Amino acid sequence: MNTRALGFLGAVILVLGFIGFSSLYTVHQTQQALVLQFGEPVTVVTQPGLKFKVPFIQNVEFLENRILSFDAPAEEIIASDQKRLVVDAFIRYKISDPLEFYKSVSTVDIARSRLATILTSSLRRVLGSVHLDAVLTGERAGLMIALRDTVNKESASLGINVVDVRIKRADLPEANSLAIFGRMNTEREREAREYRAQGAEISQRIKSRANRERTILIAEAQKQSQILRGDGDALSVKVSAEAFGKDVDFYAFYRSMQAYRNALGKGDTTMVLSPDSEFFRFFGNITGKRSDK
C-alpha cells in the first residue's frame, strides 16, 4: 500500500507539474503576445514578464515589438513628365495592434506581401504626380514624408504603423540610361572639340605673337650689331690711320709684306710680272725706293 501510494503521489505531482508548466509562458521585452483560445484571440499581452494561461485550451502567438524592416522589390515608375524611373525602396514598420494584425494577415510574411502591394501603389500615386527632377533634388524629402503618410494610412487596417519609407536607389531604366549616356557622350565630344579648337586658336595666336616678337628682337639685334660693327670699323680705321700716319714708309712696307704673304704663301703660286714691277720694289731696296742707274 505504501509503494502504491508513493507511486500515485509521484504521478499526481508530475501531472500537476506538467499542468503548471503548460499554464506558464514568458514574454520577452522585444515581443508582444496574443493568447488564443481554440484559435480565437482572447487576450493581448504587451508587457514583458512571466504570464499565465489556461493549459491545453489556450496557446500563445508571439509577435515582434521592435521596428521591422522590409525591402520592397524594385518597381518602374512613370513620372508626370512621362519619364520612367526604376525605384528601389524600403519600409520600416511596427506592429501597433497585435489583434488586428493577427486578424488581417496573421503572419509577418503575409504582412510583407501586403505592404509590398501598398508601397507599389503609393509609389505610383506619389511619384507619378511629380516630375522626375523632383525625385532627384531637394524635394525628395517632402516626397518621402508624403509617401510614408500614404503607406501608413493604407496599412493602418493591418494593425501596422509605418515609421519610415525611404528610396535606396532611383535609376533610369537600362535602355534610357544607354540613350542618355550616348547623348552625354556626344555632348562631351562636342565640348571637347570646341575646347580643342579654342586651344588651337589660342596656340596659334601665341605662336604668331612669339614669332613677331622674335622677328622684332632679331631685327633690333641686327640693327644694333650693324651700328656697333660700323662704330668699331670706323674706330679701327681711325686708330689705324692715326697709327700708320705717324710713319708712312713703315705702313707701306707693312702692307707690302702682307701682300707678299698672301700672294706667295702657297707653294704652287705662279706669277708673271715685270722685274721692275712696283710689286717687287722692296726686294731690291728695303726702303722701297728705286735706285737710279
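Please refer to the structure higher up on the page.
Here is what the cut-offs are and how they apply
- Residues numbered from 1 in each chain as written.
- Predicted model: local features only at pLDDT ≥ 70, side-chain atom pairs only at ≥ 80, totals over all residues.
- Heavy atoms only, no water.
- Buried < 20%, exposed > 50% of the residue type's maximum accessible area, 1.4 Å probe, protein only.
- Helix = DSSP H or I, 4+ residues; strand = E, 2+ residues; numbered from the N terminus.
- Pairing = 2+ DSSP bridges.
- Patch = residues over 30% accessible without salt bridge, like charges linked within 9 Å, V, L, I, M, F, W, Y side chains within 5 Å.
- Areas by Shrake-Rupley, 256 points an atom, 1.4 Å probe, with all protein chains shown as cover.
- Salt bridge = Lys/Arg side-chain N within 4 Å of Asp/Glu carboxyl O.
- Phe/Tyr/Trp six-rings, centres within 6.5 Å; stacked < 30°, edge-to-face > 60°.
- Axes fitted to C-alpha atoms, helices over the stretch in contact; angles between N-to-C directions.
- Parallel < 35°, antiparallel > 145°, perpendicular 65-115°, else oblique.
- Left-handed = near helix turned anticlockwise from the far one by under 90°.
- Contact = heavy atoms within 4.5 Å.
- Nonpolar A, V, L, I, M, F, W, Y, C, P; charged D, E, K, R; others polar.
- Expected span 1.5 Å × (residues − 1).
- Arc of directions from axis to C-beta.

Asks: Any chance you could break down the pairing of strand β7 (residues 75-78) for me, citing the residues and the numbers?
Replies: With burial as the criterion, only one face of β7 is covered, namely that bearing Glu-75 and Ile-77; the residues Glu-76 and Ile-78 on the opposite face remain uncovered. Here β7 runs beside strand β8 (residues 84-95); their pairing, made up of four bridges, is antiparallel. By the bridge assignment, Ile-77 is partnered in β8 with Leu-85. Between β7 and the antiparallel strand that follows it, β8, lie five residues; Gln-82 among them carries a positive phi value of about 65°.

Asks: Kindly report on a nonpolar patch on the surface, identifying the contributing residues and their values.
Replies: Taken together, Phe-38, Val-54, Phe-56 and Ile-57 make up a surface patch of nonpolar side chains, about 430 Å² in accessible area. On the accessibility criterion, Ile-57 (34% relative accessible area) is partly exposed.

Asks: Break down the packing of aromatic side chains for me, with residues and values.
Replies: Tallied over the full model, the rule gives one aromatic pair. Taking 6.5 Å as the distance between ring centres and 65° as the angle between the ring planes, the aromatic pair formed by Tyr-25 and Phe-62 counts as edge-to-face. Separated by 37 residues along the polypeptide, Tyr-25 in strand β1 (residues 24-27) and Phe-62 in strand β5 (residues 58-64) bring together distant segments of the chain. Since its relative accessible area comes to 36%, Phe-62 is described here as partly exposed.

Asks: Could you give me a rundown of the packing of helix α3 (residues 108-127) against helix α5 (residues 140-155), with the residues and numbers involved?
Replies: Direction vectors running N to C along α3 and α5 enclose 140°, while the axes themselves pass 9 Å from each other. In terms of axis orientation, α3 runs oblique to α5. Crossing geometry of α3 relative to α5 is assigned as right-handed. Contacts from Leu-115, Ile-118, Leu-119, Ser-121, Ser-122, Leu-123, Arg-125, Val-126 and Leu-127 of α3 reach α5 at Leu-143, Ala-146, Leu-147, Thr-150, Val-151, Glu-154 and Ser-155. Tallied by class, the residues present in the contact of α3 with α5 amount to 10 nonpolar, four polar and two charged.

Asks: Kindly report on α5, identifying the contributing residues and their values.
Replies: Under the 1.5 Å per step criterion, the end-to-end length of α5 is 22 Å for 16 residues, consistent within 8% with the ideal 22 Å. Those residues of α5 that sit buried are Leu-143, Met-144, Leu-147, Val-151 and Ser-155. Viewed along the axis of α5, the buried residues span an arc of 100°, placing them on a single side of the element. Buried positions along α5 lie against β8, α3, α4 (132-135) and β9 (160-171).

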